[in-house]
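Spelled out from the first residue to the last, the chains are:
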Amino acid sequence: MSSPDAAPADDLPDLLVVGSGFFGLTIAERCASELGLKVLVLERRYHLGGNAYSEKDPETGIEVHKYGTHLFHTSNKRVWEYVNRFTTFTGYQHRVFGKYQGQVYPLPMNLGLINSFFGKSHTPEEARALIAEQAGEIDTDQAQNLEEKGISLIGRPLYEAFVKGYTAKQWQTDPKELSPDIISRLPVRYTFDNRYFNDTYEGLPTDGYTAWLERMADHPNIEVRVDTDFFDVREHYVGKVPIVYTGPVDEYFDNSEGRLSWRTVDLEQEIVDVDDFQGTGVVNYNDEDVPYTRILEFKHLHPERASSYAPGKTLIVREYSRFAEEGDEPYYPINTAEDRAKLLKYRELAKAEPLVLFGGRLGTYKYLDMHMAIGSALSMFDNKLRPHFAEGAELTSGGVDE
């Protein structure tokens, strides 16, 4: 891994990858390992790994996910086998709790939450009937906004406790003003199962995310240049070598069709002089008058490391959600009708770019979990890059998901 040169080297790589998140590094690793290509990865941050980057806090010894909690899970066997080339995984299973009016409940909504919230023991059949009765207040097909849609799915009491305030903070908008399309379903489990994910495979990288990411980039044919902005050197590469671009698609085109809208998060880190602050890794704060959406306590993600943590201290992060402004890190696409119209125009522009493929969360304006980004990158390698480099097939620009 290197810092930027004063000017790009004269000898061009076989492939340029812009961005070193999971999508970009999967592309780089596959092309270097399978095709023997010389790959240059440009990363504008001071580190590789994109939003999955983690680092150890020097005071507490706790590994912190610098851009919010990242939990790896997948049911895609190919993705699972691929990632296990670079890391082993712990047996961690993610569980989330929600705090509402001073009480803590297990999430996602399940039989334990229902019984605690309504103060009565229900059988699965009784709980199902209760929620169906409460949800009958509004016909789902007639819902005019997110609030009505939520009530039609889970009933007013659960909606107002666990969806309304949290959603208002996430979107900075009254749910009555949000489209019902934002939520397609609100699952309720009529069992006591509070495992957050249902995937076949789940765990956290044993040595941490950064170690995993560095192993992906550890190949003699891969060079990673950090602190390097693609837009400062783009003229040296565009049209001269194939490029896989994983940055914001609107930024690539200088926002010519308008900025796409995103939500971002602000992370407020604090070291607290207690051994344990909240007893679990993530607690959602569902009351609207609490300004943050959740508190993360990272020591709970790796309990097997307990002996290496500083005694009497823990590290927490309060997470705040808001609309992204210029210069903010984009996290979640808002994807309004106006955004979709802009994206269609960017797709047309992308097709006209010489030898440029657009991929990843930012390049496709699509929210992707880590396993989805890796799976998407493997598909791009199979369907576009391998045929081009190994078989001479024409490389058709674009790649922004339809």
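It should be emphasised that the depicted structure is a prediction, and the values quoted were computed from it without experimental measurement. (Residues numbered from 1 in each chain as written. Predicted model: local features only at pLDDT ≥ 70, side-chain atom pairs only at ≥ 80, totals over all residues. Heavy atoms only, no water.)

Moving on to the overall build of the protein chain. Check the secondary structure of the protein chain and you find 12 helices and 16 strands. Taken against the 2.2 N^0.38 rule, which gives 21 Å for 402 residues, the C-alpha radius of gyration of the protein chain at 23 Å falls within 12% of a compact globule. C-alpha atoms of the protein chain, sized along the principal axes, occupy 70 × 55 × 35 Å. Taking all 402 residues of the protein chain together, the buried fraction comes to 54%. Contacts spanning at least 24 positions in sequence make up 74% of the contacts within the protein chain whose residues lie at least 6 apart. Charged side chains of the protein chain number 42 positive and 65 negative; the gap between the two group centres comes to 3 Å. (Helix = DSSP H or I, 4+ residues; strand = E, 2+ residues; numbered from the N terminus. Rg over C-alpha atoms; globule rule 2.2 N^0.38 Å. Buried < 20%, exposed > 50% of the residue type's maximum accessible area, 1.4 Å probe, protein only. Contact = heavy atoms within 4.5 Å. Lys, Arg positive; Asp, Glu negative; His and termini not counted. Charge placed at Lys NZ, Arg CZ, Asp CG, Glu CD.)

Right, let's get into the UniProt feature "domain: UDP-galactopyranose mutase C-terminal" (unreviewed entry) in the protein chain. In this structure's numbering, the residues bearing the UniProt feature "domain: UDP-galactopyranose mutase C-terminal" (unreviewed entry) are residues 161–367. As a span, residues 161–367 carries 26% helix and 21% strand, and end to end its C-alpha atoms are 26 Å apart. (UniProt positions renumbered as here; feature names shortened; annotations may be inferred.)

To continue, consider the environment of K240. Locating K240 in the fold gives a position in the loop between α8 (230–237) and β10 (243–245). Placed 226 residues apart in sequence, K240 and D14 show a C-alpha to C-alpha distance of 9.6 Å. Filtering out sequence-adjacent residues up to four positions away, K240 remains in contact with L12 and E235.

Turning next to helix α10 (residues 337–352). Between its terminal C-alpha atoms α10 stretches 24 Å, which fits the 22 Å expected from 16 residues at 1.5 Å a residue. Residues of α10 that are buried: D339, K342, L343, Y346, R347 and A350. All buried residues of α10 fall inside an arc of 155° around its axis, so they share one side. Turned more than 90 degrees from where α10 packs its buried face, A337, E338 and A352 sit exposed. (Expected span 1.5 Å × (residues − 1). Arc of directions from axis to C-beta.)

Before going further, it helps to examine the confidence of the model for the protein chain. Summarising the model, the protein chain shows a mean pLDDT of 94, and 97% of its residues fall at 70 or more. The low-confidence segment residues 5–9, where pLDDT is below 50, has seven contacts with residues more than four positions distant or belonging to other chains. (pLDDT = per-residue confidence, 0-100.)

Moving on: helix α4 (residues 124–135). Each α-helix turn comprises 3.6 residues. Residues three or four places apart therefore point the same way. Spanning 12 residues, α4 covers 16 Å between terminal C-alpha atoms, matching the ideal 16 Å at 1.5 Å per step. By the burial criterion, the buried members of α4 are A127, L130, I131, Q134 and A135. For α4, the buried positions fall inside an angular range of 125° around the axis, keeping them on one side. Along α4, exposed side chains directed more than 90 degrees from the buried face belong to E125, A132 and E133. Tucked inside the fold, the buried residues of α4 contact α3 (111–118), α5 (146–154) and α6 (156–171).

Another aspect to go through is the nonpolar core. Formed by 103 residues in total, the largest nonpolar core has its most connected members in I27, V39, F72, W212 and L385. At eight residues, the largest contribution of residues to this core is made by helix α12 (residues 370–391). Beyond its immediate chain neighbours, meaning those up to four positions away, W212 contacts F22, F72, V83, F86, T87, F89, P205 and I374. (Core = buried A, V, L, I, M, F, W, Y, C linked by side-chain atoms within 4.5 Å.)

Neither face of strand β2 (residues 39–42) is left uncovered, since the one carrying V39 and V41 and the one carrying L40 and L42 both have all their residues buried. Bridging between strand β1 (residues 15–18) and β2 involves four bridges; their strand directions are parallel. Across the sheet, L15 pairs through a bridge with V39, a residue of β2. Between the parallel pair β1 and β2, the chain is carried across by helix α1 (residues 22–35), and the sense of this crossover is right-handed. Here four bridges tie β2 to strand β9 (residues 222–225), and the two strands are oriented parallel to one another. Residue pairing across strands places V39 opposite I222, the latter belonging to β9. (Pairing = 2+ DSSP bridges. Right-handed = clockwise from strand over helix to strand, strands pointing away.)

Among the structural elements, H236 can be located in helix α8. The spatial distance from the C-alpha of H236 to the C-alpha of D254 is 18 Å, given a sequence separation of 18 residues.

Moving on to a negative patch on the surface. A surface patch of like charges, here negative, comprises D174, E177, E288 and D289. Counting through the fold element by element, D174 comes out in the loop between α6 and β8 (201–203). On the basis of relative accessibility, which here comes to 40%, the residue D174 falls in the partly exposed class. (Patch = residues over 30% accessible without salt bridge, like charges linked within 9 Å, V, L, I, M, F, W, Y side chains within 5 Å. Areas by Shrake-Rupley, 256 points an atom, 1.4 Å probe, with all protein chains shown as cover. Salt bridge = Lys/Arg side-chain N within 4 Å of Asp/Glu carboxyl O.)

With that settled, consider the packing of α1 against helix α7 (residues 209–217). Where α1 contacts α7, the axes come no closer than 8 Å and their chain directions differ by 30°. Within the contact between the two elements, α1 uses F22, L25, T26 and E29 and α7 uses Y209, W212, L213, M216 and A217. (Axes fitted to C-alpha atoms, helices over the stretch in contact; angles between N-to-C directions.)

A few words now on unusual backbone geometry. Of note, the amide linkage connecting L107 to P108 takes the cis form, showing an omega dihedral of -5°. On the secondary structure map, P108 appears in the loop between β7 (103–107) and α3. Unusually for a residue other than glycine, N255 sits at a positive phi of about 55°. Mapped onto the fold, N255 is located in the loop between α9 (249–252) and β11 (262–272). You will see that L355, though not glycine, has its phi angle at about 60°, which is positive. Within the secondary structure, L355 sits in the loop between α10 and β16 (356–358). On the accessibility criterion, L355 (25% relative accessible area) is partly exposed.

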